[in-house]
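Tertiary structure, described
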Amino acid sequence: MEIFGIPHQAFLGQLLLGLVNGAFYAMLSLGLAVIFGLLGVVNFAHGALYMLGAFAAWIMLDKFGINYWAALILAPLLVGALGVVIERLFLKHLYKLDPLYGLLLTFGLALILEGVFRELYGASGQSYNVPELLSGATNLGFMVLPNYRAWVVLVSLVVCLGTWYLIERTRLGAYLRAGTENAALVQAFGINVPMMVMLTYGAGAALAALAGVLAAPIIQVNPLMGSNLIIVVFAVVVIGGMGSIMGSILTGLGLGIVEGLTRVFYPEASNIVVFVIMVVVLMFRPAGLFGKEA
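Attention here is on the structure that accompanies the text. Source: prediction; values computed, not measured.

Scoring rules and cut-offs
- Residues numbered from 1 in each chain as written.
- Predicted model: local features only at pLDDT ≥ 70, side-chain atom pairs only at ≥ 80, totals over all residues.
- Heavy atoms only, no water.
- Salt bridge = Lys/Arg side-chain N within 4 Å of Asp/Glu carboxyl O.
- Buried < 20%, exposed > 50% of the residue type's maximum accessible area, 1.4 Å probe, protein only.
- Axes fitted to C-alpha atoms, helices over the stretch in contact; angles between N-to-C directions.
- Helix = DSSP H or I, 4+ residues; strand = E, 2+ residues; numbered from the N terminus.
- Parallel < 35°, antiparallel > 145°, perpendicular 65-115°, else oblique.
- Left-handed = near helix turned anticlockwise from the far one by under 90°.
- Contact = heavy atoms within 4.5 Å.
- Core = buried A, V, L, I, M, F, W, Y, C linked by side-chain atoms within 4.5 Å.
- Nonpolar A, V, L, I, M, F, W, Y, C, P; charged D, E, K, R; others polar.
- Patch = residues over 30% accessible without salt bridge, like charges linked within 9 Å, V, L, I, M, F, W, Y side chains within 5 Å.
- Areas by Shrake-Rupley, 256 points an atom, 1.4 Å probe, with all protein chains shown as cover.
- Phe/Tyr/Trp six-rings, centres within 6.5 Å; stacked < 30°, edge-to-face > 60°.
- Expected span 1.5 Å × (residues − 1).
- Arc of directions from axis to C-beta.
- Polar contact = N/O pair within 3.5 Å; in protein donor to acceptor, adjacent residues only side chain to side chain.

1. Describing the pattern of salt bridges
This structure, assessed with the given rule, holds three salt bridges. The partner of Glu87 in a salt bridge is Arg88, and the shortest N-O contact between them spans 2.7 Å. By relative accessible area, Glu87 is classed as buried at 0%. In this structure, the salt-bridge partner of Glu259 is Arg263, at a minimum N-O distance of 4.0 Å.

This is how it looks when you write it as structure tokens:
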């Protein structure tokens, strides 16, 4: 059986791979959108925080025997705490300045973190085994579905939709949005806005780390894994609309699938198709597909 002249197993396999990549794009772009939408910071350190999450999981297992399931909780908490420190020490001084300063600062932090881990662990990757409970694959009849990849997609959807609901449909989310637009007014109601801002950046860092833990069993854990991905993720955020939570989720998943299908029909274009789409979208919708026009 063929689909558009392609063997159906190859077609569905690339579709699944695209969906898995889209899950990572969605989670990472979600963290970027949360930080930019609520804090106005273009967080170029997001890829390095993703890398830290993966390395935290690997170090926990290799040095302390802490398994994957515990790392899913502990690694995001540790990296989220680092995000809080970064916000308190550096970013809080830049909120009233041009966003370019935040971009340059976070870019510098990303280079420092990558350099430190390259010095400690080298550029070669570290392997992280798939947890036994999620090993193997399930035969669906029309294709064989690796259990771990299905788990990644499921967790990504739950986390992304849960974050969207928290920010867009709860009182806490309303406080966050109001605090970023008129901090003085919100503080007049007794709400600690600086604390909210600090925890928001920490939560965005934790989302990146969670994506890193999920990625560890799929790809080699290495210091450059974040920088290799962050440019594509920024393109995803721009296409979806800077600061749009749901736009980042839908665009991340959609572009992952498009990228996967491009590998089937025209492999040479698979590495640039996201950027081609970005250029086309910006020509007609400068604010992105789901962004609000200024």
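From this point, things continue past the structure.
2. So, the packing of helix α2 (residues 46-64) against helix α8 (residues 193-215)
Viewed as axis vectors pointing N to C, α2 and α8 meet at an angle of 55°, and their least axial separation amounts to 7 Å. The angle between α2 and α8 falls in the class oblique. In the crossing of α2 with α8, the sense of the turn from one axis to the other is right-handed. On α8, the residues touching His46, Leu49, Tyr50, Gly53, Ala54 and Ala57 of α2 are Tyr201, Gly204, Ala205, Ala208, Ala209, Ala211, Gly212, Val213 and Ala215.

3. Considering the nonpolar core
Counting 93 residues, the largest nonpolar core has Tyr50, Tyr128 and Leu214 as the members making the most contacts within it. In terms of residues, this core owes the most to one element, helix α1 (residues 8-39), which gives 17 residues.

4. Overview of the environment of Gly254
Mapped onto the elements of the fold, Gly254 is located in helix α10 (residues 245-265). For Gly254, a relative accessible area of 32% gives the class partly exposed. C-alpha of Gly254 to C-alpha of Gly190: the two residues are 64 residues apart in sequence and 41 Å apart in space.

5. Re the packing of helix α9 (residues 227-240) against α10
Taken N-terminus to C-terminus, the directions of α9 and α10 make an angle of 120°; their axes are 8 Å apart at the nearest point. It follows from the interaxial angle that α9 and α10 lie oblique. Crossing hand, α9 versus α10: right-handed. Listed contacts from α10 to Val236, Val237, Ile239 and Gly240 of α9 are Gly247, Ser248, Thr251, Gly252 and Leu255. Of the residues assigned to the contact of α9 with α10, the class counts are four nonpolar, five polar and no charged.

6. Comments concerning a nonpolar patch on the surface
Residues Ile272, Val276, Val279, Val280, Met283 and Phe284 make up a contiguous nonpolar surface patch of roughly 610 Å² in combined accessible area. Note on Val280: relative accessible area 42%, which makes it partly exposed.

7. Some words on the packing of aromatic side chains
Under the defined criterion, the tally for this structure stands at 11 aromatic pairs. Judged by centre distance (4.9 Å) and plane angle (50°), the ring pair of Phe55 and Phe117 falls under tilted. Residue Phe55 is found in helix α2, and its partner Phe117 is found in helix α4 (residues 99-121); the two are separated by 62 residues along the sequence. Both residues of the pair, Phe55 and Phe117, count as buried. Pairing Tyr68 with Tyr128 gives two aromatic rings, centres 6.4 Å apart and planes at 50°, and the pair type is tilted. Remark: Tyr128 occurs in the loop between α4 and β3 (137-139) and Tyr68 occurs in helix α3 (residues 68-89); sequence separation between them is 60 residues. Grouped by ring-pair contacts, the aromatic residues Tyr68, Trp69, Tyr128, Tyr148 and Trp151 constitute a single cluster.

8. Observations concerning the side chain of Gln126
The residue Gln126 is located in the loop between α4 and β3 in this model. Taking the relative accessible area as the measure of exposure, Gln126 reaches 17% and is therefore buried. Setting aside chain neighbours within four positions, we find Gln126 in contact with Phe55, Trp58, Tyr121, Gln220 and Val221.

9. Description of helix α11 (residues 273-284)
The end-to-end C-alpha distance of α11, which contains 12 residues, comes to 17 Å, matching closely the 16 Å that a straight helix rising 1.5 Å per residue would cover. Along α11, the residues that are buried comprise Val273, Val274, Met278 and Val281. Within α11, the buried residues cover an arc of 140° as seen down the axis, which keeps them to one side. Of the surrounding elements, those touching the buried residues of α11 are α9 and α10.

10. As for the side chain of Thr106
Tracing the sequence through the fold places Thr106 in helix α4. A distance of 2.9 Å separates the side chain of Thr106 from the backbone nitrogen of Phe44, its partner in a polar contact. If near-sequence neighbours (up to four positions away) are discounted, Thr106 is found in contact with Val41, Val42, Asn43, Phe44, Ala45, Leu91 and Tyr201.

11. A word on the environment of Leu111
Summarising the element assignment, Leu111 is placed in helix α4. We classify Leu111 as partly exposed; its relative accessible area is 47%. Put simply, Leu111 and Lys96 are 15 residues apart on the chain and 24 Å apart in space, counted from C-alpha to C-alpha.

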